[in-house]
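Working through the structure, step by step
Here is how the chains run, residue by residue.
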Amino acid sequence: MKTRKLGRQGLEVSALGLGCMGMSDFYAGRDEAEAVATINLALDRGVTLLDTADMYGVGANEELVGRVVRERREWVVVATKFGIVRDADGSARGINGRPDYVRQACDASLRRTGLDIIDLYYQHRVDPDVPIEETVGAMAELVAAGKVKYLGLSEAAPETIRRAHAVHPITALQTEYSLWSRDPEEAILPLVRELGIGFVPYSPLGRGFLTGEIRTPDDLAADDTRRNHPRFQGEAFARNLDLVAAIGTMAADKGCTPAQLALAWVLAQGEDIVPIPGTKRRRYLEDNLGALDVTLTADELARIDTILPPGAASGTRYPAATMASVNR
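Residues numbered from 1 in each chain as written. Predicted model: local features only at pLDDT ≥ 70, side-chain atom pairs only at ≥ 80, totals over all residues. Heavy atoms only, no water.

Going by what an unreviewed UniProt entry lists, the protein chain is known as Aldo/keto reductase and is assigned to Sphingomonas kyungheensis.

1. With respect to the side chain of Thr 171
Stated precisely, the cut-off is as follows: Think of it this way: any DSSP run of H or I at least four residues long counts as a helix, any run of E at least two long counts as a strand, and we number them from the N terminus. By the criterion applied in these results, polar contacts are pairs of N or O atoms within 3.5 Å in which, for protein atoms, one can donate a hydrogen and the other can accept it, and in which residues neighboring in sequence qualify only through two side-chain atoms. Contacts: residue pairs with any heavy atoms within 4.5 Å of one another.
Looking at the element boundaries, Thr 171 is found in the loop between helix H5 (158-167) and strand S10 (172-176). In terms of polar contacts, Thr 171 uses its side chain to reach the side chain of Gln 9, at 2.7 Å. Here Thr 171 is in contact with Leu 6, Gly 7, Gln 9, Leu 11, Tyr 150, Leu 151, Ile 197 and Gly 198, once residues within four sequence places are set aside.

2. Looking at the sheet that holds strand S9 (residues 148-154)
Rules: Strand pairing is assigned whenever DSSP detects at least two bridges linking the two strands. Helix axes use the C-alpha atoms of the stretch in contact, all axes being lines fitted to C-alpha atoms, and the angles between their N-to-C directions lie in the range 0 to 180 degrees.
Read from one edge of the open sheet, seven strands run S3-S4-S5-S8-S9-S10-S11, paired in parallel fashion. The open sheet has two edge strands with one neighbour each: strand S3 (18-19) and strand S11 (198-202). As judged from the five bridges shared by S10 and S11, these two strands associate in the parallel manner. Bridging across to S11, Gln 174 finds its partner in Val 200. Against the sheet, helix H4 (residues 132-144) makes contact with strand S5 (77-82), strand S8 (118-123) and S9, and its axis sits at roughly 155° relative to S9, the strand it touches most.

So this is what it looks like as structure tokens:
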């Protein structure tokens, strides 16, 4: 397994991580036995970075990841997050970045995972009512207390990242980034590279759309949250399908799958980038890992830029209410 460094604080992980969210929440077709088998296969194949959060399955995903990794703890990097507050029934209560909540959330994540330390601890969303200095100050106290190794932010705006990094070194920024979500290229990527912060793209396969497996909205179950996303609706869906078809044609010419092409493109954007494609099934994991063997030439990268330049995707990446919580 190829490895990459995140940040300047010493964290080194597999070049491709595993997002575990869908194993416990949001997407349909969940199967815990298959999820456990998928995590174990990922670890067998050399994946060292597992990504979870306290809000995925309202804690259930942290419990799942913790049960699987404890036997291989010495080399597995577990990243989790706090900040999005949900009730026991899964309904959202908002975002909380208050120092007392940061401490409570960390202790709760440690209990659920059964781990003695969290390797990478992200603020999941920035709380607009709490200065970032206060939130990151509390996170830094967790590092000093030996409860957390490295700090991260998710979906933070450039100025917020700079202010946070001045309080305590930020090791990684997690933000959506893919062939159809290229917004970070404008300001985020230049800033994290200036500050020496690693970049961890989530949804690098466009929530599955870029794989070519989703051909109509009816391919999504009734309770699949992607049905609420503008890119998966109406005319936007049809236009985005045309883009995916073009990527599919190029992948066929290349002798790889569309998912592998999309992941290879993300990996080619820099050695400081570690995407975390999410899957809950072994067959998709194997397909994703195949991207590590796909090398794109300069001409191929230019062709991809022609097919999917920044802003090419139709529709916003989240519904309006959720979009208000990102990049702030």
